Amino acid sequence: MIQKVRGTRDILPPESRLWVEVEAVAQRVFGGFGYEEIRLPLLEPTELFVRSVGEATDIVGKEMYTFADRKGRSLTLRPEGTAGVARAFIENGLAQRPSPLRLSYLGPMFRYEKMQRGRYRQFGQIGIELLGAATPAADAEVMLALHTFLAELGFDDLVIVLNNLGDPEDRPRFIELLLRELEGRREELCADCQRRWDANPLRILDCKVPRCRELVAGTTPVAEVVSEEARRHVDGVEAALRDLGVAVQRAPRLVRGLDYYLRTVFEVVSPELGEDTVICGGGRYDRLISDLGGPQVPGVGFAIGEDRLIEVLPASFRERVLGRRPVVVLPVGEAAATTLAVVRALAVRGIAAHAEVTGRSLKAGLKWAGKLGARVVVIVGGDELAAGAVVVRDLDRGEQQAVPIAEVADVLERTGEA
Ligand code: ATP
Ligand code: MG
């Protein structure tokens, strides 16, 4: 038997409904904030990620699915979405469009990671990017859209944590201080952090090894070392969110796993999954597009991990989506075509109906409807059909009535949560 690739998942019905519904809410909410979907390739030149995410990050260093195509070009399955958005922005001359540009995306990302709960090699992300605005209001908008989306899903316990990474010019000063403060303890850091020490010291703050965390906890927070301008920016973001009633917490050690972020960085954590399992990460990236050879266009955005989001969905949302019950339409005698006509009449009204097409008897059909959890069975045939009607049987109430075919959808809409 051929098995799926390690770290990939088959998302089966009815679980897949949660994905469809979460994505529909995302399209509605982010669309409501003016974000339109951009659909990008899953395959990009490897160099795109090396130059944007950063050579010394875990993603580029050890997590990418990189291979040579038949002509020997190095390609990579996208590990994240922002780099592709930046590339497309430059390549399509999107700087010519009215600014700012609001884009959303969703789809699979690929990272070669050690598998565990909430960590897969193919995983879904939903993200938005606001390109062309550098004000605190821009960051606040993006985070408000995120907060609104999560609230629409019924979350009320998620926490947005926020930090100020300062500008790239602040970085050397901070790193020098960090390394000075850790100097005597260098040997106690994990092997990865020893390597990060020279290659990308900021990443030490991102290490999940408990001992590294303890050591880092004693160092000066990056937000205390940033320029006055960067400080004012992130304070402005925080104040705007407070005015909007969006609770944010400062997280002085928060850095993200991508090099292009500056000033604002944020994450969403769930009390249920703990602070190591991040649902969403984002931040500001004002140099990314110019670093990739494009115009100087600032940006801010985030990506939600869809797999993790779905794992912690509020029970109310899960129950509403998974609890949906179909209508089953059963033919009796020579009624196959009319059965399909009834299903079509329901389908176009958005009422999910399953036609019996296997040749079951009415009795076997009713049993099948029970297994599907149907709320209503529509029986097509007999004297009723001869009179242009069908029998609509409510399985919960144990009641039935004859309904003219043209009115079945109306009746079902009235009786059900369909
Ligand atoms: P982590 O610290 O958990 O590795 P990250 O910082 O690498 O996350 P980002 O690159 O910011 O993650 O991606 C945004 C979101 O995508 C994460 O918050 C997470 O929810 C999700 N995500 C990242 N990697 C994976 C993965 N391997 N499997 C499932 N979801 C993931
Ligand atoms: Mg990661």
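Residues numbered from 1 in each chain as written. Chains lettered and ligands numbered in written order. Predicted model: local features only at pLDDT ≥ 70, side-chain atom pairs only at ≥ 80, totals over all residues. Heavy atoms only, no water.

Where do I start with helix H6 (residues 171-182) in this structure?
Its 12 residues place the ends of H6 16 Å apart at the C-alpha level, agreeing with the 16 Å of an ideal helix rising 1.5 Å per residue. Every buried residue of H6 is listed here: Arg171, Phe174, Ile175, Leu177, Leu178, Leu179 and Leu182. Close packing links the buried residues of H6 with helix H7 (191-199), helix H8 (210-217) and strand E9 (262-270). (Helix = DSSP H or I, 4+ residues; strand = E, 2+ residues; numbered from the N terminus. Expected span 1.5 Å × (residues − 1). Buried < 20%, exposed > 50% of the residue type's maximum accessible area, 1.4 Å probe, protein only. Contact = heavy atoms within 4.5 Å.)

Before we go on, may I ask you to explain the nonpolar core in this structure?
For soluble globular proteins, the rule of thumb is that nonpolar side chains tend to be buried together. If you look at the biggest cluster of nonpolar residues, it comprises 57 residues, and the most contacted ones within it are Leu131, Phe174 and Ile204. Here this core gets six residues from one element, more than from any other, and that element is H6. For Leu131, the residues in contact, after removing those within four places along its chain, are Val85, Phe89, Ser99, Pro100, Leu101, Leu103, Tyr285, Ile289, Val297, Pro298 and Gly299. Counting residues in each nonpolar core, the second largest holds 45 residues, with Phe149, Val248, Val312 and Val321 among its members. (Core = buried A, V, L, I, M, F, W, Y, C linked by side-chain atoms within 4.5 Å.)

When you look at the site of ligand 1 in this model, what are you seeing that I'm missing?
Near ligand 1 lie 17 residues; those nearest to it are Arg111, Glu113, Lys208, Arg256 and Val278. Within the backbone of Gly118, a nitrogen or oxygen atom sits 3.5 Å from a nitrogen atom of ligand 1. In this structure, an oxygen atom belonging to ligand 1 sits 3.1 Å away from a main-chain N or O atom of Ile279. Contact with the protein chains removes 95% of the 580 Å² of surface that ligand 1 exposes when unbound. Secondary-structure elements contributing two or more residues to the shell around ligand 1 are strand E6 (122-131), strand E10 (274-284) and strand E11 (299-305). (Near = heavy atom within 4 Å. Polar contact = N/O pair within 3.5 Å; in protein donor to acceptor, adjacent residues only side chain to side chain. Areas by Shrake-Rupley, 256 points an atom, 1.4 Å probe, with all protein chains shown as cover.)

Explain the environment of Phe89 here, please?
Mapped onto the elements of the fold, Phe89 is located in helix H4 (residues 82-91). Residue class for Phe89 comes out buried when judged on its relative accessible area of 3%. Here the alpha-carbon distance between Phe89 and Arg308, two residues 219 residues apart in the chain, equals 29 Å. Those residues in contact with Phe89 that lie beyond four places of it in its chain are Leu94, Ala95, Leu101, Leu131, Ile289, Pro295 and Val297.

What's the story with unusual backbone geometry in this structure? I'm lost.
What is expected of a backbone is that most residues other than glycine have negative phi and most peptide bonds are trans. Following Pro13, the chain continues to Pro14 via a peptide bond in cis, the omega torsion being 5 degrees. A cis amide bond, omega 5 degrees, links Ser99 with the succeeding residue Pro100. Tracing the sequence through the fold places Pro100 in the loop between H4 and strand E5 (101-110). Non-glycine residue Arg263 carries a positive phi angle of around 50 degrees. Within the fold, Arg263 resides in strand E9.

Explain the domain arrangement of the protein chain here, please?
Where the parts come together, the accessible area they lose is often given as the size of the interface. Here the protein chain is partitioned into domain 1 (15-167 + 226-318) and domain 2 (325-414). Its C-alpha centre places domain 1 at a distance of 46 Å from the equivalent point of domain 2. (Domains from an automatic or database assignment.)

Explain the pattern of salt bridges here, please?
Side chains that carry opposite charge are capable of pairing whenever their charged atoms lie near each other. Taken as a whole and judged by the stated rule, the model has 38 salt bridges. Salt-bridge contacts for Asp58 lead to Arg196; the nearest nitrogen and oxygen are separated by 3.4 Å. One end of the pair, Asp58, is in helix H3 (residues 58-63); the other, Arg196, is in helix H7, with 138 residues separating them in the sequence. Take Arg196: its relative accessible area is 10%, and that puts it in the buried class. Look at the salt bridges and you will find they share partners, linking Glu228, Arg231, Arg232, Asp235, Glu238 and Arg250 into a network. (Salt bridge = Lys/Arg side-chain N within 4 Å of Asp/Glu carboxyl O.)

Is there a simple way to explain the sheet that holds strand E1 (residues 36-37) in this structure?
The strands that make up a sheet are held in pairs by hydrogen bonds between backbone atoms, and each pair lies either parallel or antiparallel. On the basis of which strands lie adjacent, the open sheet formed by eight strands has the order E1-E5-E6-E11-E10-E9-E7-E8 and mixed pairing. In this open sheet, the two strands that pair with only one neighbour each are E1 and strand E8 (248-250). Looking at chain direction, E5 and E6 are connected through 10 bridges and run antiparallel. Its bridge partner lying in E6, Gly107 is registered against Gln125. (Pairing = 2+ DSSP bridges.)

What exactly am I supposed to notice about the packing of helix H1 (residues 15-32) against helix H12 (residues 315-322) here?
Axis separation between H1 and H12 bottoms out at 9 Å; the angle between their running directions is 110 degrees. Between H1 and H12, the angle is such that the two are roughly perpendicular. Considering the relative orientation of H1 and H12, their crossing is right-handed. The residues of H12 that touch H1, namely those facing Glu15, Arg17, Leu18, Glu21, Val22 and Val25, are Phe317, Arg318, Arg320, Val321 and Leu322. Class assignment of the residues belonging to the contact of H1 with H12 gives a composition of six nonpolar, no polar and five charged. (Axes fitted to C-alpha atoms, helices over the stretch in contact; angles between N-to-C directions. Parallel < 35°, antiparallel > 145°, perpendicular 65-115°, else oblique. Left-handed = near helix turned anticlockwise from the far one by under 90°. Nonpolar A, V, L, I, M, F, W, Y, C, P; charged D, E, K, R; others polar.)

Just to check I follow, could you spell out the sheet that holds strand E2 (residues 43-45) for this structure?
Ordered by their spatial adjacency, three strands build an open sheet running E2-E4-E3, and the pairing between neighbours is antiparallel. Where the open sheet ends on each side, the last strands, each with one partner, are E2 and strand E3 (65-68). If you compare each strand with its neighbour and ignore which way they point, the axes differ by 35 degrees on average.

Looking at this structure, how should I read the side chain of Ser270?
By the element assignment, Ser270 lies in strand E9. Ser270 gets classed as buried once you look at its relative accessible area, which sits at 2%. When neighbours within four sequence positions are excluded, Ser270 is seen to be in contact with Leu158, Thr277, Ile279 and Val312.

Can you help me understand the environment of Glu187 in this one?
Along the chain, Glu187 turns up in the loop between H6 and H7. A sequence separation of 124 residues divides Glu187 from Glu311, and the C-alpha atoms of the two residues are 38 Å apart.

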